[in-house]
Amino acid sequence: MSKHASACTKYKKDFIKKHEYLFCEFCTVNANGTPRFETHHIVYASEAPNHENLHHKRNLILLCCRCHKYFHASKKNRDTLVKERKLEELFNRKLNILNAQSKNKALNSQ
């Protein structure tokens, strides 16, 4: 099993131990509403493939398939999670897409 798959499996197992059942951490649907949950890296593996904190629990979230698709549709969809989980500190880099876009617009309008 790859390090990526192993981290996702461990997160899901730890989640079940802590909460005793599966539910989407974003929309809160539980196993009665969907049969499948996926562990998602908020900062994608492709963005920081060798970063020591890629598989840190703050960077992982359990999602239903619908929410997982939502987060992959656009990186800006993760901005709230980046802020709440302090992922910029964890990865030591700017990750918040909306704030970066707003900052660029402000600089360009001067």
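Residues numbered from 1 in each chain as written. Predicted model: local features only at pLDDT ≥ 70, side-chain atom pairs only at ≥ 80, totals over all residues. Heavy atoms only, no water.

Some details on the side chain of threonine 39
- Here threonine 39 shows up in strand β1 (residues 37–41).
- You can call threonine 39 buried: its relative accessible area is 12%.
- A polar side-chain atom of threonine 39 sits 3.2 Å from the main-chain carbonyl oxygen of cysteine 8.
- Ignoring any residue separated from it by four or fewer positions in sequence, one finds threonine 39 in contact with Cys8, Tyr11, Lys12, Leu60, Ile61 and Leu62. (Helix = DSSP H or I, 4+ residues; strand = E, 2+ residues; numbered from the N terminus. Buried < 20%, exposed > 50% of the residue type's maximum accessible area, 1.4 Å probe, protein only. Polar contact = N/O pair within 3.5 Å; in protein donor to acceptor, adjacent residues only side chain to side chain. Contact = heavy atoms within 4.5 Å.)

Quick notes on helix α2 (residues 65–73)
- For α2, the complete set of buried residues consists of Cys67, His68 and Phe71. End-on, the buried residues of α2 take up no more than an arc of 105°, which puts them together on one face. Exposed and oriented more than 90 degrees from the buried face of α2 are Arg66, Lys69 and Ala73.
- Summarising the contacts, the buried residues of α2 are in contact with β1, β2 (60–64) and α3 (79–84). (Arc of directions from axis to C-beta.)

Looking at the layout of surface pockets
- What the largest pocket holds in volume is close to 300 Å³.
- What lines the largest pocket is a set of 14 residues, among which Tyr11, Asp14, Phe15, Lys18 and Lys57 lie closest to the centre.
- At 7 residues, the largest contribution of residues to the lining of the largest pocket is made by helix α1 (residues 3–19). (1 Å grid on protein atoms, 1.4 Å probe; cavity = no way out; pocket = protein on both sides within 12 Å on 5 of 7 lines; lining within 4 Å. Points joined across faces, edges and corners; volume = space filled by probe spheres on them.)

Brief notes about the confidence of the model for the protein
- Per-residue confidence for the protein gives a mean pLDDT of 86; residues scoring 70 or more make up 86%.
- The least confident element of the protein is helix α5 (residues 97–109), whose mean pLDDT is 43; the most confident is β2, at 97.
- Residue range residues 99–110 is modelled with pLDDT below 50. Its contacts to residues more than four positions away, or to other chains, number 1 contact. (pLDDT = per-residue confidence, 0-100.)

Overview of the packing of aromatic side chains
- Within the structure shown, the criterion is met by 6 aromatic pairs.
- Ring centres of phenylalanine 26 and phenylalanine 71 lie 4.8 Å apart, and the angle between their planes is 75°; on these two criteria the pair is classed as edge-to-face. Of the two residues, phenylalanine 26 is situated in the loop between α1 and β1 and phenylalanine 71 in helix α2; the sequence distance between them amounts to 45 residues.
- Taken together, the aromatic side chains of Tyr11, Phe15, Tyr21 and Phe23 make up a single cluster linked through ring pairs.
- Above the face of the tyrosine 44 ring, arginine 78 is positioned so that its terminal group lies 5.8 Å from the ring centre. (Phe/Tyr/Trp six-rings, centres within 6.5 Å; stacked < 30°, edge-to-face > 60°. Lys NZ or Arg CZ within 6 Å of the ring centre and 35° of its normal.)

Examining the environment of cysteine 8
- Along the chain, the position of cysteine 8 falls in helix α1.
- Take cysteine 8: its relative accessible area is 13%, and that puts it in the buried class.
- Distance from cysteine 8 to leucine 62, taken between C-alpha atoms, is 8.9 Å for residues 54 residues apart in sequence.
- In this view, cysteine 8 contacts Thr39 and His41; residues no more than four positions away in its chain are not counted.

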